Amino acid sequence: MDKISSYIDKVITNKEKKMKHSSRKHAKFSASGSSKWVNCAGSVQAEAGYKNKSSSAAKEGTAAHELADVCFKDKTEPHSKIGETYEDIVVDEEMVNHVQKYMDYVTSIADMSHSPIQFYEKRVDFSNVVPKGFGTLDSAVYLPEAKALHIFDLKYGRGVRVNAFENTQAILYAIGMLNEKELEGLEIEDIYIHICQPRLNHFDEWHTCPEEIEQWHSVFAKAVELALSDNPPRTPSETACKWCLAKADCPALAQVVENEILDLLEDETVNTLSDERKRRILEAKPLIEQFISSIEEQVMNTLLEGGEFKGFKLIEGRSTTKWKAEAEIYLESQYGDKVFNRKLIGITEAKKLIDKQDFEKLTEKASGSPKLVTEGTKGKEIYSIKF
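The present account deals with the structure reproduced in this document. (Residues numbered from 1 in each chain as written. Predicted model: local features only at pLDDT ≥ 70, side-chain atom pairs only at ≥ 80, totals over all residues. Heavy atoms only, no water.)

### Here's the deal with unusual backbone geometry
At K75, a position not held by glycine, the phi torsion is positive, near 55 degrees. Along the chain, the position of K75 falls in the loop between α5 (56–74) and β1 (85–86). Among the residues examined, K75 registers a relative accessible area of 77% and is labelled exposed. For D88, which is not glycine, the phi dihedral falls at a positive 65 degrees. Structurally, D88 is set in the loop between β1 and β2 (89–90). (Helix = DSSP H or I, 4+ residues; strand = E, 2+ residues; numbered from the N terminus. Buried < 20%, exposed > 50% of the residue type's maximum accessible area, 1.4 Å probe, protein only.)

### Quick notes on helix α10 (residues 251–264)
The terminal C-alpha atoms of α10, which comprises 14 residues, lie 20 Å apart, in line with the 20 Å expected from a rise of 1.5 Å per residue. Along α10, the residues that are buried comprise L253, V257 and L264. The buried residues of α10 all sit within an arc of 35 degrees when viewed along its axis, so they share a single face. Looking at α10, the residues exposed on the side facing more than 90 degrees away from the buried face are P251 and L262. (Expected span 1.5 Å × (residues − 1). Arc of directions from axis to C-beta.)

### Some details on the packing of α5 against helix α6 (residues 93–110)
Relative orientation of the contacting elements α5 and α6 amounts to 50 degrees, with a least axis distance of 10 Å. Classified by the angle their axes make, α5 and α6 are oblique. For the pair α5 and α6, the crossing hand works out as right-handed. Two secondary-structure elements touch here, α5 through E60, A63, A64, L67, A68, C71 and F72 and α6 through M95, V96, V99, Y102, M103, V106 and T107. Tallied by class, the residues present in the contact of α5 with α6 amount to 12 nonpolar, 1 polar and 1 charged. (Axes fitted to C-alpha atoms, helices over the stretch in contact; angles between N-to-C directions. Parallel < 35°, antiparallel > 145°, perpendicular 65-115°, else oblique. Left-handed = near helix turned anticlockwise from the far one by under 90°. Contact = heavy atoms within 4.5 Å. Nonpolar A, V, L, I, M, F, W, Y, C, P; charged D, E, K, R; others polar.)

### Some details on the packing of aromatic side chains
Applying the stated rule across the entire model yields 9 aromatic pairs. Seen from their ring centres, F165 and W206 are 5.6 Å apart, and the 75 degrees between their planes marks the pair as edge-to-face. Residue F165 is found in the loop between β5 (148–154) and α7 (168–178), and its partner W206 is found in strand β7 (residues 202–208); the two are separated by 41 residues along the sequence. Here the aromatic rings of F309 and F312 are separated by 6.1 Å at their centres, their planes lie at 55 degrees, and the arrangement is tilted. A relative accessible area of 38% places F309 in the partly exposed class. Assessed through its relative accessible area of 57%, F312 is described here as exposed. Cation over ring: R123 sits above F134, and NZ or CZ is 3.9 Å from the ring centre. (Phe/Tyr/Trp six-rings, centres within 6.5 Å; stacked < 30°, edge-to-face > 60°. Lys NZ or Arg CZ within 6 Å of the ring centre and 35° of its normal.)

### Remarks on a nonpolar patch on the surface
On the surface, a nonpolar cluster with roughly 300 Å² of combined accessible area is contributed by M300, L304 and L314. With respect to the secondary-structure elements, L304 resides in helix α11 (residues 275–304). (Patch = residues over 30% accessible without salt bridge, like charges linked within 9 Å, V, L, I, M, F, W, Y side chains within 5 Å. Areas by Shrake-Rupley, 256 points an atom, 1.4 Å probe, with all protein chains shown as cover. Salt bridge = Lys/Arg side-chain N within 4 Å of Asp/Glu carboxyl O.)

### A few points about empty space enclosed by the protein
The full count for this structure, using the stated rule, is 2 cavities of 30 Å³ or more. There is about 80 Å³ of room inside the largest cavity. Elements supplying a minimum of two residues to the lining of the largest cavity: α4 (43–46) and α9 (238–241). For the lining of the largest cavity, a count of residues per class yields 9 nonpolar, 1 polar and 1 charged. (1 Å grid on protein atoms, 1.4 Å probe; cavity = no way out; pocket = protein on both sides within 12 Å on 5 of 7 lines; lining within 4 Å. Points joined across faces, edges and corners; volume = space filled by probe spheres on them.)

### Concerning the pattern of salt bridges
Within the structure shown, the criterion is met by 12 salt bridges. Residue K122 pairs with E180 through a salt bridge whose shortest N-O separation is 3.3 Å. On the criterion of sequence distance, the pair formed by K122 in strand β3 (residues 117–125) and E180 in the loop between α7 and β6 (190–197) is long-range, its members being 58 residues apart. Residue K122 shares its accessibility class with E180, and that shared class is buried. With a closest N to O distance of 3.7 Å, E189 and K147 form a salt bridge. You can see E189 sitting in the loop between α7 and β6 and its partner K147 sitting in the loop between β4 (134–143) and β5, a full 42 residues away along the chain. Residue K147 is classed as partly exposed on the basis of its relative accessible area, which comes to 27%.

In structure tokens, the structure reads:
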């Protein structure tokens, strides 16, 4: 441990002397951005100068995290917060239902112990492995009887499914929790990483241990050393590029995509595509789509900010008609209940209201729609569908 820390300090001291102040300011090795800098050393310097613009989805995610934190600490129900505002986002029924799923999941683990030690929105320090490394985990629970540490990461988005296995963000949180003074002297034999994506009904778990977590120290140390080198290599991949701010301007990614496309479009000696060619096309699709989408977003932002981009312009999309704020009160006064649709309450709310036997009798698990994924992806395999 001490050897790794002194090794990192030496690397940082030598490299920071050579780096410009602006570069040093942006060279942050965050837990949430670890999928970038662990897999692509060049991403740290490449992102310098790019502003991380907050989207409506990001604000919604932050609001959901704040809602969960407030409810955990105040021991209140999310439904009691409907109408309140977090990050300029008004809490609605959909948000409270999903946050409740996450809270129920965490609570179900904590309830395994008579005296759990619980942490919510906990700042953790992993600077013994990553220079100036710290982060804020969503929640963690230590179960003294089981000698087990559970770490939970709430992902409110529904666009990308995230898995727990060897999740670098959560591993850094685990390192930070193992440094936590409140756990000092307590035995930890097992560590469980939980990724909670309530909007996808995806709750994934990875069982590991302190010894395995410690093996990652050298992985992070080597990634940091490479990222702080004079000319760190860029190694584009679906994982590394997913959230990179610089991907629309990345020559390495452009070259990889160009090579992939040229390779896939090479002449065939027959008039049909082989299964092998189709497989390669499907495997190349995510990275190619990422690159094209990032360029499209960048050009659109340029035009939205009043700039120009030769060959392209913005036009107004299809408009929609919506009710004004005062419509509900007026329509109800004029037409009564005719202007409202009656519908059943949501499943999460129903669980708290109706008898368990009635709930089990009146609900069923609907089958998910078929989804094409690579062979290593987790999920229940479908062998055939009859139409």
